[in-house]
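Residues per chain, in single letters:
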Amino acid sequence: MIDSLFMVNESGDIFMEKHWKSVVSRNVCDYFFEAQNKAATPEDVPPVITTPHYYLISAYRNRMYFVAAVGQEVPPLFVIEFLHRIMDTFKEYFGSCSELEVKDNFVIVYELLEEMLDNGFPLATELNVLKEMIRPPSLLRSAVDSVTGGSHVSSTLPTGQLSNVPWRRVGVKYANNEVYFDLVEEVHCIVDKTGSTIFAEIQGQVEVCCKLSGMPDLTLSFVNPRLLEDVSFHPCVRFRRWEAERILSFVPPDGNFRLMSYHITAQNVVALPIYVKPSFSFKEGQSGRLELTVGPKQTMGQIVEDVVVEVTMPKMVQSVSMSMTGSTGLYTFDPVSKVLRWEVGKIQLHRPVASLTGSATMQTGSVAPDSNPTTTVQFNLSSVAVSGLKVNRLDLYGEKYKPFKGVKYITRAGKYQIRA
């Protein structure tokens, strides 16, 4: 399936590569670099690029591109999902998936890629199995291995590989049995200058931290499961029972894992927690005026935190001078990238709305822009799932102990744009 994998930074340097079926020349990445130069932002690079002999399928995260060279037609989402699985594995092993961490642990990176892919096809992708085969790095282990010439690869086959539950290792024991569920939702929307919603959807996921002894069998039910669309599950979920009863029944992996992900596309269900009213006025060869207003909308009584508003100004803007009212936030303007960043902080109900007003200095003789800039928003909203999805109950079978159970709801902004 995957012939070669190239890791590329934002500067266009290939800092690591791995080959399976055959050695693919680095020159094939020239097509990717061409698309990278044309893209306005790193996220705008096309995920699938066709070349005369290969398909280049890429995924972007933490200022890095993972580019897979595929010699035959395959489902692109399958490859993209696998690339993200590689990134998640690196994050679990090294603490973060960044260029620096990959370079510092290149030996373990190659060992992981060798186990995760066999002749270009996915083989072992579960963290529990990988951690039994390849031990995570530690300071003491690295010192011992450097002296003795030892390897991180285990000499025994993981116990999970020999069972019908390959995602969970045998003989797990904990002094305190507990399981936590994080229901995380990202709001993606486009709002016009009148405040009307043009497009809105929610992408959600259920993250689990499982520390249960033995071989527990769990069932999780929701209050309103009919809201969920385009659901995808971890392999541990029994899909037939979900289709019949809308109940998640599964034997969980040990540790952290993503149980499921889903989409909600009905705009009448998507409740936008905050509103932003931008106003721009640019005149030819003169200074421009701008005003931004931010306030709460449907927060379910909760405080909206970490609110950040960004505006990418037209290229002819040289500098901005702003003043704030009703907020203790901070604004900055980068004259190189032309980005105005306003860190609002917290937004609460029954508090004055936050506003930012000022002027923009334009280049002499410059022409007024054809359209106003797009405003993007970031925020976090704790203890609330804007879709209204709620966990009903969690039951445990197969073990006699009673675990501690917890559920947390988090809403944050995805691609949240206001077009003025």
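Just above, that's the structure.
Described in the following lines is the structure provided in the data block.

The rules we used
- Per chain, the residues get numbers from 1 upward, laid out in the order the sequence is written.
- Since the coordinates come from a predicted model, pLDDT governs what is reported: local features require at least 70, and pairs of side-chain atoms require 80 or more to be given and counted, while whole-chain, interface and lining totals use all residues.
- Note that water and hydrogens are dropped before the side-chain values are worked out from all heavy atoms of the structure.
- Any two cysteine sulfur atoms lying within 2.5 Å of each other are counted as a disulfide.
- The classification of residues rests on relative accessible area computed with a 1.4 Å probe and restricted to protein chains. Under 20% of the type maximum is buried, over 50% is exposed, and intermediate values are partly exposed.
- One requirement defines pairing of two strands: DSSP has to find at least two bridges between them.
- Counting from the N terminus, the helices are the DSSP runs of H or I reaching at least four residues and the strands are the DSSP runs of E reaching at least two.
- Note on geometry: axes are lines fitted to C-alpha atoms, helical ones only across the stretch in contact, with angles between N-to-C directions running from 0 to 180 degrees.
- Stacked, edge-to-face and tilted are the three classes for Phe, Tyr and Trp ring pairs, Trp counted by its six-membered ring, which pair at centre distances within 6.5 Å; planes under 30 degrees apart are stacked, over 60 edge-to-face, the rest tilted.
- Patch members must show over 30% relative accessible area and no salt bridge, and they are joined within 9 Å when carrying like charges or within 5 Å when they are nonpolar side chains of Val, Leu, Ile, Met, Phe, Trp or Tyr.
- In this description, accessible areas are obtained by the Shrake-Rupley approach with a 1.4 Å probe, and a residue is regarded as covered only by the protein chains that are shown.
- We count a salt bridge whenever a side-chain nitrogen from Lys or Arg sits within 4 Å of a carboxyl oxygen from Asp or Glu.
- We call two residues in contact whenever any of their non-hydrogen atoms come within 4.5 Å of each other.
- Nine residue types can take part in a nonpolar core, namely buried Ala, Val, Leu, Ile, Met, Phe, Trp, Tyr and Cys, and a core is a set of them joined through side-chain atoms within 4.5 Å.

Below, the discussion takes up the state of the cysteines. The tally for this structure, following the rule as stated, stands at zero disulfides. Just so you know, cysteine 29 is unpaired, no disulfide at all, and the nearest cysteine sulfur is the one on cysteine 97, 17 Å from it. Between cysteine 210, a free cysteine, and cysteine 209, which holds the nearest cysteine sulfur, the sulfur-to-sulfur gap is 7.8 Å. On the basis of relative accessible area, cysteine 210 is assigned to the buried category, the value being 0%.

Let's shift gears to the sheet that holds strand 10 (residues 217-222). Overall, antiparallel pairing links the three strands, which are arranged 12-10-22 in an open sheet. Each edge of the open sheet carries a strand with a single partner, namely strand 12 (247-250) and strand 22 (391-397). This sheet shows a mean twist of 15° between the axes of neighbouring strands, independent of strand direction. In this sheet, strand 12 lies alongside strand 10 in antiparallel orientation, the contact comprising four bridges. Its bridge partner being in strand 12, leucine 218 is matched across the sheet by phenylalanine 250.

Our next topic: the packing of aromatic side chains. By the definition in use, this model includes 11 aromatic pairs. Judged by centre distance (5.8 Å) and plane angle (35°), the rings of phenylalanine 90 and phenylalanine 94 are tilted. Pair noted here: phenylalanine 90 and phenylalanine 94 are both in helix 2 (residues 76-94), with a separation of four residues, about one helical turn. Take phenylalanine 90: its relative accessible area is 0%, and that puts it in the buried class. Looking at phenylalanine 94, the relative accessible area reads 11%, which means it is buried. One aromatic cluster in this structure is built from Phe32, Phe33, Tyr60 and Tyr65.

Below, the discussion takes up a nonpolar patch on the surface. Residues Phe106, Val107 and Tyr110 make up a contiguous nonpolar surface patch of about 260 Å² in total accessible area. You can see valine 107 is positioned in helix 4 (residues 106-116).

Before going further, it helps to examine the side chain of asparagine 9. Here asparagine 9 lies in strand 1 (residues 4-9). Residue asparagine 9 is classed as buried on the basis of its relative accessible area of 8%. With residues up to four places along the chain from it excluded, the contact list for asparagine 9 reads Phe15, Gln36, Arg63, Tyr65 and Glu99.

In terms of nonpolar packing, the biggest core is built from 70 residues, with Phe250, Leu259 and Tyr416 touching the most fellow members. The element contributing the most residues to this core is strand 8 (residues 178-191), with six residues. Each residue touching leucine 259, except ones within four places of it in the same chain, is listed here: Phe181, Val206, Val208, Leu220, Ser232, Phe233, His234, Cys236, Val237, Leu248 and Phe250. Core analysis: the second largest hydrophobic core is formed by 36 residues, Met1, Ile80, Leu112 and Val129 among them.

So, on to the pattern of salt bridges. Applying the stated criterion across every chain, the model contains 14 salt bridges. Between glutamate 10 and arginine 63 there is a salt bridge whose closest N-O contact spans 3.4 Å. You can see glutamate 10 sitting in the loop between strand 1 and strand 2 (14-19) and its partner arginine 63 sitting in the loop between strand 4 (55-61) and strand 5 (64-70), a full 53 residues away along the chain. When its relative accessible area of 31% is taken as the criterion, glutamate 10 is described as partly exposed. Salt-bridge contacts for glutamate 343 lead to arginine 341; the nearest nitrogen and oxygen are separated by 3.2 Å. Judged by its relative accessible area of 37%, glutamate 343 is partly exposed. Here arginine 341 falls in the partly exposed class, since its relative accessible area comes to 26%. One network of salt bridges, in which partners are shared, links Glu310, Arg341 and Glu343.

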